[in-house]
Amino acid sequence: MNKQMKSHTVGNIRTIISGELVQGSDEVLVKYGAYRLKQIKNQNTILFTDKRIIDWRSLKKFFPLVLATEWKYNKDEIPENVTVIQVTNADEAYWKFVHYYRSLFHIPVVAITGTSGKTTTKEMIKHILSADRIVTATSLTSNSRTANLQYLLSIDEETDAAIFETAVGSPGDVLKAGEYFKPTIGIITNIGAHHLNYCKTLEAYIEAKGEMLQIVNPAGILIINAEDSNTSKINMSSFKGKIIKVGTHRSCHFRARNIQYCQDGMEFSVKHKKRNYQVYVPGLGVHQVYNALAAIAAVYEMGVTIPEAAYQLKTFRKFNKQLQVVDGINDSVIIDDTWSITTTSLEAALKVLNEIGKGKKKVAIIGTITDLGSWGYIIHEQAGDLIYQNGVDVLITIGEHASIIAEHAVKRGLTSPVYTFRNEVLVLNLLNKIIDSNTIVLIKGDMYSQPIIELAALLRKKK
């Protein structure tokens, strides 16, 4: 995130945060913001802090630096090229600055949350709008809370629209993101079961996602997947804005019909206000249709027609390792879905495996689902249910917790061969024996799981 904020002078910022100049000049320009030392990456940054800085030498390359601080320094403590603004409360000063900065821009700001599809939907919106507008957005999946300030400050006078992911690690995360972004459009893609290590219960996780209703501008828009059962548990009666439903049901404002798998993507028609529009979106799976519907609905509210959106979507580039179909060892077909794993994305992946694997031997290699806390056992059992319901010809799990998936699938009645492994080495030996040109292999796991990532790389046919 190298784009700098709209520049302000120290004098201007002092007025906003009610601070007193103790050292330096009101004329110094401020181009970046931070509230932690490690966030300082550039010169002309303002740091809001209640802590005393002792190691000035490590900061020297970032001078001129501006400090908004509660700490009362002696004059001889502060190096030259450091401007100090004294404030009574650094936290209050910080939020005054954040709210002021956001108030400078009257543009569409989209906030997206959901268990799966956040990044894809965000990238689709960005791709469509970037045809003729300057857009700032969360970069790839970098959506941690500590990045919110930098993303807000990436909006400047030239920005036409902004799209940000608001992830839920724990309750309050979406509310906190709302303090920064104050979105005009909110999107909830879907709600599965994830991050239960901090949310503790599924109900609390649904509630944490439902914070989206509180952060969207009262005159704004909320876009929801009408067919997602957990989203439907959110009480939406308090929301004052416009609710737009996407899905396949006739009650949806943007309704997908005639959904078909085709070469590397999905074809479908969108029914909106009694008219039908043909759409092709790269990326396999019905879940990709829902991502596209949410993106189309969002850009439509920003003045992009559905035909214009459909035209742009044709050239959308989906991410590597998201249901990526590649040539595999022994002339097999590999579906590499090692971007992330939740029960929501696992179900979507199994449906794709069944659809494009018709007539072939279907092998599923599944890794551990993380961030579940005390829910680990139950969620892995639910994953076992999904395997049993969707059916595979061979099931392989990697990792201690993933073995619960295998055990539960067998308990439910899966009669296919099942193998459980601790690491990837023995899996490759087995696969070399059982896969051939009539085999399709789904490998599903997390981008942070080294055994899964290494195995996925080994399964690809060497060029």
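The structure contained in this document is the topic of the report that follows.

## Some thoughts on the overall build of the chain
Helix and strand counts for the chain stand at 15 helices and 22 strands. For 463 residues, the compact-globule estimate of 2.2 N^0.38 gives 23 Å, and the C-alpha radius of gyration of the chain, at 25 Å, lies within 12% of that figure. Dimensions along the principal axes, computed over C-alpha positions, put the chain at roughly 75 × 55 × 45 Å. Residues classed as buried in the chain amount to 55% of the 463 residues present. Pairs at least 24 apart in sequence give 62% of the contacts found in the chain among residues at least 6 apart. A total accessible area of about 20,800 Å² is found for the chain, and carbon and sulfur atoms account for 49% of it. Here the chain contributes 54 positively and 45 negatively charged side chains, and the mean placements of these two sets differ by 4 Å.

## Quick look at the sheet that holds strand β12 (residues 221–225)
The mixed open sheet is built from 9 strands, whose spatial order is β9-β10-β8-β11-β12-β13-β14-β15-β16. Sheet topology places β9 (135–137) and β16 (275–282) at the edges, where each strand pairs with a single neighbour. Here the average twist between neighbouring strands, direction ignored, is 20 degrees. Direction of pairing for β12 relative to strand β13 (residues 242–247): parallel, over a ladder of 5 bridges.

## Some thoughts on the nonpolar core
Grouped together as the largest cluster of nonpolar side chains are 46 residues, with contacts concentrated most on I387 and L395. It is helix α11 (residues 343–356) that contributes the most residues to this core, 5 residues altogether. Excluding residues that lie within four positions of it along the chain, I387 makes contacts with L350, I366, V392, L395, I405, A409 and L414. Among the nonpolar cores identified, the runner-up in size contains 40 residues, and I125, L129, L293 and V299 belong to it.

## A look at the side chain of T120
Note on placement: T120 falls in helix α3 (residues 118–129). Here T120 is in contact with Q288, N291, F316, F319 and Q322, once residues within four sequence places are set aside.

## Some words on helix α2 (residues 90–103)
Compared with an ideal rise of 1.5 Å per residue, which puts 14 residues at 20 Å, α2 spans 20 Å between its outermost C-alpha atoms and is within 8% of the ideal. Listing the buried residues of α2 in full gives A90, A93, Y94, W95, F97, V98, Y101 and R102. Capping of α2 at its N-terminal end is provided by N89; its side-chain oxygen lies 2.9 Å from the backbone amide nitrogen of D91.

## Side note on the packing of α2 against helix α5 (residues 173–181)
Two numbers describe a pair of packed helices, the interaxial angle and the distance between the axes. It is at 8 Å that the axes of α2 and α5 come closest, and there the two elements cross at 60 degrees. Between α2 and α5, the angle is such that the two are oblique. Counting all contacts with α2, which are made through Y94, W95, V98, H99 and R102, the residues of α5 involved are K176, E179, Y180 and F181. In the contact of α2 with α5, the residues fall into 5 nonpolar, 1 polar and 3 charged.

## Re the pairing of strand β6 (residues 65–69)
With 5 of 5 residues buried, β6 is to be regarded as a mostly interior element. Across the two faces of β6 the burial is the same, with L65, L67 and T69 and V66 and A68 all buried. Two elements, strand β5 (residues 45–49) and β6, share 5 bridges in a ladder whose sense is parallel. Across the sheet, T45 pairs through a bridge with L65, a residue of β6.

## Some thoughts on the environment of S449
The topology assignment puts S449 in the loop between β22 (439–444) and α15 (450–459). As a C-alpha pair, S449 and G33 span 416 residues in sequence and 34 Å in three-dimensional space.

## Some details on the pattern of salt bridges
Proximity of charged atoms lets side chains of opposite charge pair with each other. One pass over the structure, following the stated rule, counts 14 salt bridges. Residues D50 and K51 are paired through a salt bridge, measuring 3.7 Å at the closest nitrogen-oxygen approach. R52 serves as the salt-bridge partner of E77, at 2.6 Å between the closest nitrogen and oxygen. One end of the pair, E77, is in the loop between β6 and β7 (82–86); the other, R52, is in the loop between β5 and β6, and 25 residues separate them in sequence. The structure contains a network of salt bridges with shared partners spanning K122, E123 and E165.

What counts as what
- Residues numbered from 1 in each chain as written.
- Predicted model: local features only at pLDDT ≥ 70, side-chain atom pairs only at ≥ 80, totals over all residues.
- Heavy atoms only, no water.
- Helix = DSSP H or I, 4+ residues; strand = E, 2+ residues; numbered from the N terminus.
- Rg over C-alpha atoms; globule rule 2.2 N^0.38 Å.
- Buried < 20%, exposed > 50% of the residue type's maximum accessible area, 1.4 Å probe, protein only.
- Contact = heavy atoms within 4.5 Å.
- Areas by Shrake-Rupley, 256 points an atom, 1.4 Å probe, with all protein chains shown as cover.
- Lys, Arg positive; Asp, Glu negative; His and termini not counted.
- Charge placed at Lys NZ, Arg CZ, Asp CG, Glu CD.
- Pairing = 2+ DSSP bridges.
- Axes fitted to C-alpha atoms, helices over the stretch in contact; angles between N-to-C directions.
- Core = buried A, V, L, I, M, F, W, Y, C linked by side-chain atoms within 4.5 Å.
- Expected span 1.5 Å × (residues − 1).
- Polar contact = N/O pair within 3.5 Å; in protein donor to acceptor, adjacent residues only side chain to side chain.
- Parallel < 35°, antiparallel > 145°, perpendicular 65-115°, else oblique.
- Nonpolar A, V, L, I, M, F, W, Y, C, P; charged D, E, K, R; others polar.
- Salt bridge = Lys/Arg side-chain N within 4 Å of Asp/Glu carboxyl O.

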